[in-house]
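# Structural characterization, general
One-letter residues, chain by chain:
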Amino acid sequence: MRHSLDRVLTIAGFTVRETVHGRGFLGAGLASLAVLGLAAVVGAVFWVNRGPLAGRPGIGETLAREIVARIELGIALGGLSLVAVLLAVVLGADALAGEISRGTILALAARPVARAEIVLGKVLGLFLPAAVVLTVMGTASAVGTGVLTGVWIGDAVPALALLDLELAVMVVAAVAVSSRLSRTAGTVVLLIAYFGVTNLSQLFALGQALHSDWLQQAAIWGRLLLPVGEVSDLAGRLLAGPLTALAEGLVRGVTDGLEPRPWIVGYAVVFLAGALALGCLGLARRDLR
Amino acid sequence: MNGDRPILRAERLTKVYPAGARALDGLDLAVRPGEVFGFLGPNGAGKTTTVLLAIGALAPTGGSLEVLGRPAGDRAARARLGYLPEHFQFPGFASPRGLLEFHGRLLGLGRAESRRQAAALVEQVGLGAVIDRPVRGFSKGMVQRVGLAQALLGDPDLLLLDEPTSGLDPLGTRAVRDLILYLRGRGTTVFLNSHQLSEIELTCDRVAIIDRGRVVRAGAVEAIVEPTHEVEIRASGMTAEGLARLAATAGGLAGEDGRWVARVAGPGDVPRLAEIVVASGARLEALVPRLETLEEAFLRLVGVGAGGDDARADALRRPGARWSPPEGRA
């Protein structure tokens, strides 16, 4: 068991180095900085113009500051999460498929390493650097927002944990897909799945407009195909805090019934374990050529 | 390990790829401990497939393959083999030291031992000066040497080399040959998959020639090559009359300055040639029936007419000649 863990960590360590030396990681880092810059600009605009908001009945200066802080943080963490997920898709879809097509997996396969150890090592090696970037930049964003607005958003911590869980699900799904599909096919499948499930609210709204219970149920249960949309919704609601109540009647009305389910985090963890098992099985039962 | 038991044994080994291509079709093979075994065959004959089955990267469709006394792909067997892929590649950021330490750890070596072996092996393949340099700037030959070093990690009992001299210049080729001979001296079994017939001839104890997924001939090189219809004659003091008699008796005579090659119809003509030389008053120094080269034997066994090579080369040199692949092979 200890030797197996050693091998997994060895592969993970090498994969981390491979990831951080890649152009994809550099691009994701730059995109993350751009996201933080954008969030800062938007936050500054709201900050400068918070006067009318603070003057509204029942809001006041303190709540107005919190609202600005939550908007800025929501943009920052949402953007960072999207960048991390896209990085996970691009690198994860190449993790095994690319190694197989390039033939580089053969030297690895000739070592006394189980296929499952290769999959686990790849997952860890891809998840860790992306999660570190997401967590460090997310935390920096929360601290920066706190310093600028004087409001510390404590919900940022569980929200970041949820976004890390979303990232883990995407990394595992991408590596699992790459055990059977080519890099291009895997990337396309994953992007369709990701943007599909994160936009099922459109299908739900259509179902409401058409009074189609079937469409609404399809949207509700379709979100379980890849639980990232619902997990990130949960993070978004945490970050929005009192904004959720303020937005009631504007956008919430059309998505009533599509709220994140209380068991979605547990389901995401089970999904993650299942996808990991499928990835291990997928690689174990195929020729590496 | 029992000394008589093959270190690699294939029995009726078959591999059909999902697309339907039959790479191996009942391959039988036995590699003995401590020998350097050459594996020859034209492109697509199934050489690399056999090696990939041996490391467990592919699953056989039928038959059996044992490596180091265990089913191919077994983890305990993989712990005792070294493998150099045909096109060894690794990420450009890695240094030879980093790569070898990574493989050493996967092999189960401790951190210190991985480090020690990495340094020693990189030095052994002549890359000590660049041990910490990223390989992105390395030549193909340098990368191949790093690959050889990683294959030697852990002092393997069986070394599987898939085209080890691919992309190497003559010096690099010579270095690989010397390394194989050194390993043979140490008792390491080497399975050498190569197109370089001269390399095989110089280094291998036994060879197997495969074609279309089957072994068409296996054994020591001397047992595979056959006598040709040519006899080399070395003699001093040959007269013009003697040479004319030799030419008339043999099917053809070429050469000069005491060294000629005569074509004969069969072994029975050889004593007659000796008689003519002696009768002409010359001093017969040697009369050697010429054997095929391994290349000629290979071409004969895989279905390309061996004797046609010279005629083919002559035809290709003529003005206006057009090239086409040799007959007998796709």
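Procedures and definitions
Residues numbered from 1 in each chain as written. Chains lettered and ligands numbered in written order. Predicted model: local features only at pLDDT ≥ 70, side-chain atom pairs only at ≥ 80, totals over all residues. Heavy atoms only, no water. Phe/Tyr/Trp six-rings, centres within 6.5 Å; stacked < 30°, edge-to-face > 60°. Helix = DSSP H or I, 4+ residues; strand = E, 2+ residues; numbered from the N terminus. Pairing = 2+ DSSP bridges. Axes fitted to C-alpha atoms, helices over the stretch in contact; angles between N-to-C directions. Contact = heavy atoms within 4.5 Å. Polar contact = N/O pair within 3.5 Å; in protein donor to acceptor, adjacent residues only side chain to side chain. Buried < 20%, exposed > 50% of the residue type's maximum accessible area, 1.4 Å probe, protein only. Domains from an automatic or database assignment. Salt bridge = Lys/Arg side-chain N within 4 Å of Asp/Glu carboxyl O.

## Considerations on the packing of aromatic side chains
- Inspection of the entire model under this criterion finds eight aromatic pairs over all chains.
- For the ring pair A:Phe14 and B:Phe102, a centre distance of 4.2 Å and an interplane angle of 15 degrees mean the geometry is stacked. In this pair, A:Phe14 is assigned in helix H1 (residues 2-20) and B:Phe102 in helix H3 (residues 96-106), connecting two distinct chains.
- For the pair A:Tyr194 and A:Phe195, a centre-to-centre distance of 5.1 Å together with 80 degrees between the ring planes defines the contact as edge-to-face.

## A short note on the sheet that holds strand S11 (residues 227-236) of chain B
Residue and element names in this part refer to chain B.
- Across the sheet, four strands lie side by side as S12-S13-S11-S14; this open sheet has antiparallel pairing. Taken across any chain shown, the strands that pair with only one partner, and hence form the sheet edges, are strand S12 (252-256) and strand S14 (283-291). If you compare each strand with its neighbour and ignore which way they point, the axes differ by 20 degrees on average.
- Both S11 and strand S13 (residues 259-263) contribute to a ladder of five bridges, which runs antiparallel. Bridge pairing links Glu 230 to Arg 263 in S13.
- Lying on the sheet, helix H10 (residues 270-279) is in contact with S11, S13 and S14; it crosses S11 at an angle near 15 degrees.

## Regarding the side chain of B:Thr203
Residue and element names in this part refer to chain B.
- Along the polypeptide, Thr 203 turns up in helix H7 (residues 197-203).
- Polar contacts involving the side chain of Thr 203 include one to the main-chain carbonyl oxygen of Glu 199, which spans 2.7 Å.
- In this structure, Thr 203 is in contact with Val 36, Arg 177, Ile 180, Leu 181, Arg 184 and Leu 192, ignoring residues within four places of it in sequence.

## A look at the sheet that holds strand S10 (residues 214-220) of chain B
All names here are of chain B.
- As summarised here, the arrangement of the six strands in space is S6-S7-S8-S3-S9-S10, forming an open sheet in which the pairing is mixed. Every other strand in the sheet has two partners, leaving strand S6 (81-84) and S10 as the edge strands with one partner each. Each strand of the sheet is rotated relative to its neighbour by a mean of 15 degrees, with strand direction disregarded.
- In terms of strand pairing, strand S9 (residues 206-211) meets S10 through six bridges, oriented antiparallel. From the neighbouring strand, Val 207 faces S10, where its bridge partner is Gly 219.
- On top of the sheet, helix H5 (residues 140-151) reaches S6 and strand S7 (158-162); it is set at about 170 degrees to S6, its chief contact.

## Focus on the pairing of S9(B)
Residues and elements named next belong to chain B.
- Burial analysis of S9 places six of its six residues in the buried class, which makes it a mostly covered element.
- The alternating pattern of S9 places Arg 206, Ala 208 and Ile 210 on one face and Val 207, Ile 209 and Asp 211 on the opposite face, and all of these are buried.
- In the sheet, strand S3 (residues 36-40) pairs with S9 via four bridges, with the strands oriented parallel. Counterpart to Leu 40 in the pairing with S9 is Ile 209.
- Once S9 ends, the chain turns through two residues before running back antiparallel as S10, passing Arg 212 with a positive phi of about 50 degrees.

## Points about the domain arrangement of chain B
- Looking at chain B, the domain boundaries give domain 1 (8-223) and domain 2 (227-291).
- For domain 1 of chain B and domain 2 of chain B, the distance between their C-alpha centres works out to 45 Å.

## Things to note about the pattern of salt bridges
- Counted according to the given criterion, the structure contains 38 salt bridges over all chains.
- When the shortest N-O distance is used, the salt bridge between A:Asp155 and A:Arg70 registers 3.2 Å. A residue pair is termed long-range when its members are at least 10 positions apart, and A:Asp155 in the loop between helix H7 (115-149) and helix H8 (156-178) and A:Arg70 in helix H4 (residues 60-95) qualify at 85 residues.
- Here B:Arg177 makes a salt bridge to B:Glu199, at a shortest N to O gap of 3.4 Å. With B:Arg177 in helix H6 (residues 170-185) and B:Glu199 in helix H7, this residue pair connects regions lying 22 residues apart in the sequence. For the pair B:Arg177 and B:Glu199, a shared accessibility class is recorded, and that class is buried.

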